[in-house]
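Commentary on secondary and tertiary structure
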Amino acid sequence: MGQFQDAFISYGRADSKQFAQTLNQRLIEAGYEVWFDFDDIPLGVDYQQQIDVGIERSHNFLSIISPHAVNSPYCRLEVDRAVAYNKRIIPLLHVEEISRATWQQRHPMGTEADWQAYQAAGKHASFVNMHPVISKINWVYFRDGIDDFEPAFQALLAVFERQKDYVHQHTQFLDLALTWQRQQKQARYLLIGETRQQAEAWLTTKFSPQQPPCWPTDLQAEFITESTKNANGLMTQVFLAHAEADQTSLHKILNALRREGFTVWTNTTDIQTGEDFEQAVNCGIEQADNVVYLLSPQAIASPYCQHELNYALALNKRIIPIRVCPVPTEQIPVALKTLQYIDLAESWQTTDAWLDESELLKILRQDALYFAEHKVLLTKALKWQRQQRNPSILLRGYNLRHAAAWLKVAQARPHHFPTALQVEFIQESLRQPPATALDVFISYSRADSAFARRLNDALQLQGKCTWFDQESIASGADFQQEIYRGIESADNFLFILSPRSVQSPYCADEVGYAAKLNKRLVPVLAQTLSGSDLPPALATVQWLDFSQQAQEFTDSFSQLIRVLETDRDYLRSHTQWLQRAVEWQQKERNSDLLLRGSELAIAENWLQESDRLNKQPPPSDLQKSFLQASRAAADRAAKREQHRLMVMKQQLRLIAAALAIAIGGLFANGLVGWFSFRGGQQAIRTLTAQLSQTVSHNIQQRVVTYLENAYVLPNLTRQAMAAGELLPNDLDGLGRYFWRHLSFLTGQSIYFGSQSGNFVGLQHSAGQQFEYWLQDQSQSSDRLDYRLSTTGERGELLRSTAYDSRLRPWYQIAAQTGENSWSPVYAFRRSDDELVLGVSAAVPVHDAQGQLQGVISTDLLLTQISEFLQQLDISRSGQAFIIDSQGLIVASSAANTPGFVNQGDEIERQAAIDSQDPAIRAATRHLLQKFGQFDQLTTEQNSLFQLEGDRYLTDIDQVNTQPTVDWLIVTVIPEADFMDEIRANARLSLYVGIGGLILASGLSIAVYRSRQLAKREF
């Protein structure tokens, strides 16, 4: 037999045993499962308990009416149980009354007086002592000798099929509710997931104008609405404020609201043992959409009710007064006098009470979405305030956009407008930079909601940004898509292990998606279970055990924090590139979403570091495909740019050839040849200008990428210090951090100088070796430079130098500006004694109060920019160089312009006007003459000048990067590089023309003389 039966047969044996057996057999033959005492009560068990369970788990209660059944205390107890469970009761009239002969057979010693007394007590008939509920229900007639069994049986089966799904769900939810009740109403026995949603729909099913086959019980309504409350983080739709003397009214309203699917908070049901009473009440008001105030003289006199009313008013809650007994008008609180109240004082015992309750339901459903959002945002704002404005609680993404839209509507309302705290909370959320990643996604079964909430609160107190569905999904959002986005944006996927969660298809889907994305999986054991029950993705991952006593929560939580802090930067990058890759895939791999420039370089460094150090979790296949596509696109773009340059040069050569032909035809075609020559010459100048701009653009891209990459490691270090992962005075910890993140180092060195004078850094020296710099003021006032081994271990001491980082330009400029800054360009001697130009990228570090703790900086070699410029194919003698606002060389394509001058012990920077390259020198002089000062050039400019009779085209562009630098990119291209061929052809054409002219003149003279000679002879 299955868990549930289609029917329970209740009968009196003396009158209906044979009929009950026949009915049972026919129902079984028709395919129904039946509870029948002869078949379903084993020997040696509690008889009554078996009957009670049979009634609970049967969809229909068949009450066979007969005098014996009606007058049997056992049958009546069965009917009472069915009525208490609101079962669908189907009365079957079998015997209307028994005869004297039948009675006598059952009572052989009975006398006439006994029979008279029996009749007087109504025990001979079915109607006198019938249960009042049975008497009100239409019967199915199975009277022996009167009614035909088959039509009656078919009528019974028709009743079975009527609203069958609703009746079956009634049995299912009753069974679950009774289990919850018998387990002291523990949260882990509440409904979750799809079953909860089905129960919510079932509870609010309406049959009007038809009569329902059965009614939900108060227990079922409480069970289902408590499941809803648990799913919504214990938030409710109604807070019931009442005096102790109004318990009767309270329970009537409470049960009526629950039957309509409303979640309700009362101080008799929602305050846990040992919980602070006032704090629990305040929390209940905060987390409720509405406050229903039971108005009575006792409530007015109660200081508790007065506190509840005042607190609800302070929070701008919607208050709905219900008068449950007469109250003198002068005693009504001022705050309630302006409110329309519902009057139930005179109508509890009349049908009008339901009309008044309907009025209450109408008010509760009016603007329900607005008040639900008011509650959610208020709860979050209060949590933010109580955690000292913890930024991890601020709104993000869809939630923030939804809240901002709600605020606009709310501020225009005439009443129940947002509180000042809600406004401040939303505005502060809007001011925060958008968070691209979260620390933790929490996956759990609703049966473990209490533990999940505790864990979420503890993580937020530690400053962790969490994705927790009870806080992270705004009303109206696509639930499944929000879950997927939450998993994608989280660095860690935390899964709460319990018997219910490992069996949940929703949890399994979340684990599967996280595993597909190669997220770091962090299992947390909340309840003991067998390892064989684990999802495959979690079977090989060590869990953290939280299943012991509550006092051990702190120890387990500390272990969890250590796990979450491990390799944080790697995980944050993993999340960043995953989000970009997912977006790329969702947008049909749109090439516009691929990485470029500095982003691509950083991502490729991350991928190389992952492979080199075997990082876990490894990059996903999607991430690898995304980076490969980005690299391929970047390579194609570079090839296209090279091709464009080549085409431009070919065009210049073709124009030069055309001009040569034009010059050759100058003598033959006169003005036509001349205009062709001039037009071709102008085309060359136009293409030369385009070539110059293209070269300048390429330089801009390369320089900006190089400069922006320099800030990657300093910014990562600052973020780690802000998160508390690194401490300013933990010099060895900083040194190890620098060593672990060398793949992000773009420059020559990385270092940190503190406000107290301490200093630590790494410098890349000759070959693949590194030096470790350390200055600990508590041990030495000098900076000690050590050699580092290939594993990052400190080796021999190389030198000791008097040093104070606080006096260095990179430190002072960052300390002064309070933001990321570039130092002035400087020349210095490397450890291999090579002279180079460099610049420092400086990042200030402040504490929570805004006090400077120190500066992180990295040295960037400008020789790499010069090497890039020297590799450019500009033209035969074209040059490109970069200068600062003082006209000093930063980088140059000319090998004889290194940017510095060695004056013995002094190293001075080189001015562009003093360059040994004539083109650079002349271009600089021309720019000074035309613009006066270099700092006046803030937009792209181009100009022409002459040097030794040749025309030169210059293109000037400012380097656009953040933070800004005062650098200008200058390209110089002589026209001669493209006009020389024209001039050579022009000279050749001129010589040919002159030769032709002389030849023609000679022939003319010869002809003339010959004619003169002929005349003389004639």
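Residues numbered from 1 in each chain as written. Predicted model: local features only at pLDDT ≥ 70, side-chain atom pairs only at ≥ 80, totals over all residues. Heavy atoms only, no water.

1. Some remarks on the overall build of the chain
When its secondary structure is counted, the chain shows 37 helices and 31 strands. Summarising the internal contacts of the chain: among those between residues at least 6 apart in sequence, 67% fall at separations of at least 24. Of the roughly 48,900 Å² of accessible surface on the chain, a fraction of 51% belongs to carbon and sulfur atoms. (Helix = DSSP H or I, 4+ residues; strand = E, 2+ residues; numbered from the N terminus. Contact = heavy atoms within 4.5 Å. Areas by Shrake-Rupley, 256 points an atom, 1.4 Å probe, with all protein chains shown as cover.)

2. Section: the sheet that holds strand β7 (residues 264-265)
Taken together, the 5 strands give an open sheet; going across it, the order is β7-β6-β8-β9-β10, and neighbouring strands pair in parallel fashion. If you trace the sheet from one side to the other, it starts and ends with β7 and β10 (342-343), each paired once. Contacts from helix α19 (residues 368-386) reach β6 (236-241), β8 (288-295) and β9 (318-323) within the one sheet, and its direction differs from that of β8 by about 105°. (Pairing = 2+ DSSP bridges. Axes fitted to C-alpha atoms, helices over the stretch in contact; angles between N-to-C directions.)

3. What about the packing of helix α10 (residues 164-182) against helix α11 (residues 193-203)?
The contact between α10 and α11 brings their axes to 11 Å, and the two run at 120°. Considered as vectors, α10 and α11 are oriented oblique to each other. Classified by chirality, the crossing of α11 by α10 is left-handed. Residue-level inspection shows Y166, Q169, H170, Q172 and F173 of α10 in contact with α11, the latter providing T195, Q198, A199 and W202. Residues that form the contact of α10 with α11 fall into these classes: 4 nonpolar, 5 polar and no charged. (Parallel < 35°, antiparallel > 145°, perpendicular 65-115°, else oblique. Left-handed = near helix turned anticlockwise from the far one by under 90°. Nonpolar A, V, L, I, M, F, W, Y, C, P; charged D, E, K, R; others polar.)

4. Quick notes on the pattern of salt bridges
Inspection of every chain in the model, using the stated rule, returns 43 salt bridges. Note that K164 and E161 form a salt bridge whose closest N and O atoms lie 3.3 Å from each other. By relative accessible area, K164 is classed as partly exposed at 31%. A relative accessible area of 39% places E161 in the partly exposed class. Across the pair D635 and R631 runs a salt bridge, and its minimum N-O distance is 3.2 Å. In this pair, D635 and R631 are both assigned in helix α29 (residues 621-664), 4 residues apart and thus about one turn of the helix distant. When salt bridges with common partners are traced through the structure, they connect D439, K464, D491, E565, R568 and R572 into a single cluster. (Salt bridge = Lys/Arg side-chain N within 4 Å of Asp/Glu carboxyl O. Buried < 20%, exposed > 50% of the residue type's maximum accessible area, 1.4 Å probe, protein only.)

5. Description of the side chain of K519
Here K519 shows up in the loop between α25 (505-516) and β14 (520-525). Despite its burial, K519 pairs with no opposite charge, the nearest such side chain being D491 at 5.4 Å. Among the polar contacts made by the side chain of K519, one reaches the main-chain carbonyl oxygen of A490 at a distance of 2.5 Å. When near neighbours in sequence (up to four residues on either side) are disregarded, K519 contacts I487, E488, A490, F493, A514, T575, L578 and P617. (Lys, Arg positive; Asp, Glu negative; His and termini not counted. Polar contact = N/O pair within 3.5 Å; in protein donor to acceptor, adjacent residues only side chain to side chain.)

6. Section: the confidence of the model for the chain
Looking at the chain, the pLDDT average stands at 84 and 86% of residues meet or exceed 70. The low-confidence segment residues 666-677 (pLDDT under 50) makes 13 contacts with residues lying over four places distant or belonging to another chain. (pLDDT = per-residue confidence, 0-100.)

7. Describing the packing of α19 against helix α20 (residues 397-411)
Direction vectors running N to C along α19 and α20 enclose 120°, while the axes themselves pass 11 Å from each other. Our classification of the angle between α19 and α20 gives oblique. The interaxial crossing formed by α19 with α20 has left-handed handedness. Here Y370, E373, H374, L377 and K380 of α19 lie close against α20, whose contacting residues are N399, H402, A403, W406 and A410.

8. Re the sheet that holds β14
With respect to topology, 5 strands assemble into an open sheet ordered β12-β11-β13-β14-β15, the strand pairing being parallel. Every interior strand has two partners, whereas the edge strands, β12 (466-467) and β15 (544-545), have only one. With 6 bridges connecting them, strand β13 (residues 490-497) and β14 associate as parallel partners. Bridge pairing in β14 places L497 opposite L525. In the packing of helix α22 (residues 449-461) onto the sheet, the strands contacted are β11 (438-443), β12, β13 and β14, and the crossing angle to β13 comes to about 150°.

9. Considerations on the pairing of strand β1 (residues 5-10)
The buried fraction of β1 amounts to 6 of the 6 residues, a majority that puts the element mostly inside the structure. Of the strand pairs in this sheet, β1 and strand β3 (residues 58-65) are connected by 5 bridges, and their pairing is parallel. Paired with A7 across the bridge in β3 is N60. Alignment of β1 against strand β2 (residues 34-35), held across 2 bridges, turns out to be parallel.

10. As for the environment of N492
Within the secondary structure layout, N492 lies in strand β13. On the basis of relative accessibility, which here comes to 2%, the residue N492 falls in the buried class. Residues N492 and V522, 30 residues apart in the sequence, show an inter-C-alpha distance of 6.9 Å. Excluding residues that lie within four positions of it along the chain, N492 makes contacts with D439, V440, F441, R520, V522, L564 and L571. There is a polar contact of 3.0 Å between the side chain of N492 and the backbone oxygen of D439.

11. Examining empty space enclosed by the protein
Scanning all chains against the criterion turns up 2 cavities of 30 Å³ or more. Of the voids in this model, the largest cavity is the one considered here, and its volume is about 120 Å³. Among the secondary structure elements, those contributing two or more residues to the lining of the largest cavity are β3, α4 (67-71) and α5 (73-84). Residues that form the lining of the largest cavity fall into these classes: 8 nonpolar, 3 polar and 1 charged. When its volume is computed, the second largest cavity comes out at roughly 40 Å³. Looking at the second largest cavity, the residues that line it are D567, D569, Y570, E609, K615, R740 and H741. The residue inventory of the lining of the second largest cavity, partitioned by class, reads 1 nonpolar, 1 polar and 5 charged. (1 Å grid on protein atoms, 1.4 Å probe; cavity = no way out; pocket = protein on both sides within 12 Å on 5 of 7 lines; lining within 4 Å. Points joined across faces, edges and corners; volume = space filled by probe spheres on them.)

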